[in-house]
Amino acid sequence: MKKTAFVTGGSRGIGRAIVRELASEGYAVGVNYLKAERQAETLAAEIRERGGAALAVRADVSDREAITAAIRETEAAFGPVDLLVNNAGIAQNDLFQDTPEELWRRMFAVHADGDFHTIRAVLPHMLHEKAGCIVNISSIWGLRGAACEVAYAASKAAVIGLTRSLAMELAPSHIRVNCVAPGVIATDMVSGLGEETLASLMDQTPAGRLGRPEDVAKAVAFLAREDADFITGQVLTVDGGFIL
């Protein structure tokens, strides 16, 4: 029986790689997007053409009713969500004293509130079945902090706290909650940093290269595996050794 995965922010970058990886593992995938409709629909069509199952669903994760409706639409098509991947994210690059309050609140609305909304939507079925897997995407900046990205780092640290605490709460129900903390990954989100900054970040990475979205996707797929059932509450860094 095909399992169902729901991936927020699944249309581009890391999210797209996660969707493709899970589809290759046999999951039917709900591809959540907010603005990138064409990319999401193209990705879903690509998966269907390869014999898989995928559905593009639009919703802002910070809007509880909208993201819950998107999850229900996915479940109506494929069945209850077995694997939730909270990947939706936004970037920030401002000095702390120059960060608008609206941006601060938006960071937490997407990264922390968004995870809260999606987990609350899928949890009743998981609790009933005493099975399920949740993978939240944080960041190495949520582990060590980052100048000029205080709002981003703080909200990603909140994701780590959510992951660890919820894992303790849900372990007796055989529901696993883990986190992936990517390093510097070559996506549109980091391309705006400029070639000089990216070269410096690459030099600081012991592995000698920037990460690829597929590196993160494979980590998510590993945590979702049934034989990883003794792994919960963990933060798996995918950073080429950047924060060693």
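Residues numbered from 1 in each chain as written. Predicted model: local features only at pLDDT ≥ 70, side-chain atom pairs only at ≥ 80, totals over all residues. Heavy atoms only, no water.

Colleague: Give me the lowdown on the pairing of strand E1 (residues 4–7), citing residues and values where you can.
Modeller: Within a regular strand, the side chains alternate between the two sheet faces. What you see with E1 is no split at all: Thr4 and Phe6 on one side and Ala5 and Val7 on the other are buried throughout. Pairing of E1 with strand E2 (residues 28–33), which is carried by four bridges, proceeds in the parallel orientation. Counterpart to Phe6 in the pairing with E2 is Gly30. Running through helix H1 (residues 13–24), the crossover from E1 to the neighbouring parallel element E2 is right-handed. Note: E1 against strand E4 (residues 83–86), three bridges, orientation parallel. Residue pairing for E4: Ala5 is matched across the bridge by Leu83. (Buried < 20%, exposed > 50% of the residue type's maximum accessible area, 1.4 Å probe, protein only. Helix = DSSP H or I, 4+ residues; strand = E, 2+ residues; numbered from the N terminus. Pairing = 2+ DSSP bridges. Right-handed = clockwise from strand over helix to strand, strands pointing away.)

Colleague: Residues and numbers for the packing of helix H4 (residues 101–129) against helix H6 (residues 150–170), please.
Modeller: When two helices pack together, their arrangement is given by the angle between the helix axes and by the axis-to-axis distance. Two elements in contact, H4 and H6, have axes whose closest approach is 8 Å; the angle formed by their N-to-C orientations is 20 degrees. Between H4 and H6, the crossing angle belongs to the class labelled roughly parallel. Seen from above, H4 lies across H6 with right-handed handedness. Between H4 and H6, the residues in contact are Trp104, Met107, Phe108, His111, Ala112, Asp115, Ile119, Leu123 and Leu127 and Val150, Ala151, Tyr152, Ala154, Ser155, Lys156, Ala158, Val159, Leu162, Leu166 and Leu170, respectively. (Axes fitted to C-alpha atoms, helices over the stretch in contact; angles between N-to-C directions. Parallel < 35°, antiparallel > 145°, perpendicular 65-115°, else oblique. Left-handed = near helix turned anticlockwise from the far one by under 90°. Contact = heavy atoms within 4.5 Å.)

Colleague: Got a sec to walk through the sheet that holds strand E5 (residues 132–137)? Specific residues and values, please.
Modeller: With parallel pairing, seven strands are arranged side by side in an open sheet as E3-E2-E1-E4-E5-E6-E7. Each edge of the sheet is formed by a strand with only one pairing partner; in this case those strands are strand E3 (54–58) and strand E7 (235–238). Put simply, the sheet's adjacent strands are angled 20 degrees from each other on average, direction ignored. In the sheet, strand E6 (residues 175–182) pairs with E7 via four bridges, with the strands oriented parallel. Across the sheet, the residue bridging to Pro182 is Val238, located in E7.

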